[in-house]
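Remarks on the overall topology
What follows is the residue order along each chain.
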Amino acid sequence: MRKVLITGANKGLGFELAKYLLQKDYFVYLGCRNTEMGKNAVRELKNSGFENCMLLEIDISKEESVNRAANEFGKYSDVLDILINNAGILGKRKSEDNPLSISDVREVFETNFFGTIAVTEAFLPFLKKSSLPVIENITSDLSSLTMHQDPDWLLYNAKSISYGPSKTALNAYTVALAYEYKDLGFKINCVTPGWTSTDFNGNSGGKSPAENCINLAKYAMLDENGPTGKFFGEEGELPW
Ligand SMILES: NC(=O)c1ccc[n+]([C@@H]2O[C@H](COP(=O)([O-])OP(=O)(O)OC[C@H]3O[C@@H](n4cnc5c(N)ncnc54)[C@H](OP(=O)(O)O)[C@@H]3O)[C@@H](O)[C@H]2O)c1
């Protein structure tokens, strides 16, 4: 049974991904920073008949927490097959009354970029022991510098100096990592879920997390012929 760790799995897309992969016979570690919310998520899954899951406490923006989580994981398994770096934050929005400070920008990068790197580095020793290691970094359409150049693009006006750039940086990390591990059989990609109604955006519309997790799951369940070092969305490969 392949083992997958999903960060930010207590709700939203992470939780639905966990449920979907459990249905596909994966063992799922739910990475959650809030113990109570994590326990509730695991309880809900077990009550639905999904026994192959457990909570792994992890706050990806705190290095001690990430290292503790990796140590804890090592008590249960030597091998991790799939890491889904899903945890992410939108951060504050800039407005005329509320300009962003550098610390607001740093906070977003601390989670979406540095936090994701910390988790990946901490779990790489377990991934290296898998016969088919997969890393999926959950990015955003807003990370694409190419699409941001197109005035006809639906999200052309949704530019920011924190969230979008933090995901652009994550994409760049993904390219570097995929290159580093290209000869070791790793499959390492960025995937955007597209607009999804979750707490992330105040449940402001878009598809449900249950619908949008299906395409995310596809890039977690890759086989040895799957792509690496690419950026995907529902419509297929996307430009950086
Ligand atoms: N929703 C969209 O339209 C959309 C579009 C494009 C990309 N995305 C991306 O999809 C991913 C999932 O978003 P979502 O819509 O499912 O959002 P969500 O419902 O707000 O869930 C985000 C998850 O990340 C967790 N998280 C945040 N910071 C964390 C940290 N430091 N350590 C551990 N966990 C942390 C949250 O935990 P708590 O519950 O403890 O806060 C929560 O479990 C994010 O990376 C987001 O950028 C979402």
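Heads up: the structure comes first, above all this text.
Residues numbered from 1 in each chain as written. Predicted model: local features only at pLDDT ≥ 70, side-chain atom pairs only at ≥ 80, totals over all residues. Heavy atoms only, no water.

Here we look at the nonpolar core
Core analysis: the largest hydrophobic core is formed by 34 residues, its most contacted members being Leu 80, Phe 123 and Ile 135. Mapped onto this core, the elements with two or more residues apiece are β2 (27-32), β3 (53-57), α3 (63-76), α4 (102-127) and α5 (163-180). The element contributing the most residues to this core is α4, with 10 residues. Residues within four places of Ile 135 in sequence aside, it is in contact with Leu 83, Asn 85, Thr 120, Leu 124, Leu 127, Leu 177, Phe 186, Lys 187, Ile 188 and Asn 189. Ala 9, Tyr 26, Leu 55 and Ile 138 belong to the second-largest nonpolar core, a separate cluster that totals 32 residues. (Core = buried A, V, L, I, M, F, W, Y, C linked by side-chain atoms within 4.5 Å. Buried < 20%, exposed > 50% of the residue type's maximum accessible area, 1.4 Å probe, protein only. Helix = DSSP H or I, 4+ residues; strand = E, 2+ residues; numbered from the N terminus. Contact = heavy atoms within 4.5 Å.)

Comments concerning unusual backbone geometry
The residue Asp 25 is not glycine, and still its phi comes out positive at about 75°. Mapped onto the elements, Asp 25 comes out in the loop between α1 (12-23) and β2. For Asp 25, a relative accessible area of 53% gives the class exposed. A positive phi angle is found at Asn 203, which is not glycine, with a value near 50°. Within the secondary structure, Asn 203 is located in the loop between β6 (187-191) and α6 (209-218). With a relative accessible area of 42%, Asn 203 lands in the partly exposed category.

Comments concerning the packing of α1 against helix α2 (residues 35-47)
Look at α1 against α2: their axes get within 11 Å of each other, and the N-to-C directions meet at 30°. The orientation of α1 with respect to α2, classified from their angle, is roughly parallel. Where α1 crosses over α2, the handedness of that crossing is right-handed. Here Phe 15, Ala 18, Lys 19 and Leu 22 of α1 come into contact with α2, specifically with Ala 41, Glu 44 and Leu 45. (Axes fitted to C-alpha atoms, helices over the stretch in contact; angles between N-to-C directions. Parallel < 35°, antiparallel > 145°, perpendicular 65-115°, else oblique. Left-handed = near helix turned anticlockwise from the far one by under 90°.)

Let's talk about the site of the ligand
Taken together, the neighbourhood of the ligand is formed by 28 residues, with Asn 10, Arg 33, Asn 86, Tyr 163 and Thr 198 sitting nearest. Summarising the interface, the protein chains cover 94% of the accessible area of the ligand, which totals 890 Å² for the free molecule. Taken together, the elements giving at least two residues each to the shell around the ligand come down to α1 and α5. (Near = heavy atom within 4 Å. Areas by Shrake-Rupley, 256 points an atom, 1.4 Å probe, with all protein chains shown as cover.)

Thoughts on the pattern of salt bridges
This structure, assessed with the given rule, holds 9 salt bridges. For Asp 183, the salt bridge goes to Lys 182, with nearest N and O atoms at 3.4 Å. Measuring nitrogen to oxygen at the nearest pair gives 2.9 Å for the salt bridge that ties Glu 234 to Lys 207. Pair noted here: Glu 234 is in the loop between β7 (231-233) and β8 (236-237) and Lys 207 is in the loop between β6 and α6, with a separation of 27 residues, a long-range link. You can call Glu 234 exposed: its relative accessible area is 53%. (Salt bridge = Lys/Arg side-chain N within 4 Å of Asp/Glu carboxyl O.)

Remarks on the side chain of Thr 116
Position of Thr 116 relative to the elements: it lies in helix α4. A polar contact of 2.9 Å, which involves the side chain of Thr 116, links it to the backbone oxygen of Asn 112. When neighbours within four sequence positions are excluded, Thr 116 is seen to be in contact with Ile 60, Asn 85, Thr 111, Asn 137 and Leu 170. (Polar contact = N/O pair within 3.5 Å; in protein donor to acceptor, adjacent residues only side chain to side chain.)

Observations regarding the packing of aromatic side chains
A full pass over the atoms with the stated rule returns 11 aromatic pairs. Between the aromatic rings of Phe 27 and Tyr 29, the centroid separation amounts to 5.0 Å while the plane-to-plane angle is 50°, which identifies the pairing as tilted. As far as burial versus exposure is concerned, Phe 27 and Tyr 29 are alike and both buried. The structure contains a cluster of three or more aromatic residues connected by ring pairs, namely Phe 27, Tyr 29, Phe 73, Phe 123 and Phe 126. One cation-aromatic arrangement involves Lys 159 over Tyr 156; the distance from NZ or CZ to the ring centre is 3.9 Å. Just above the ring of Tyr 179 sits the side chain of Lys 182; from NZ or CZ to the centre is 4.7 Å. (Phe/Tyr/Trp six-rings, centres within 6.5 Å; stacked < 30°, edge-to-face > 60°. Lys NZ or Arg CZ within 6 Å of the ring centre and 35° of its normal.)

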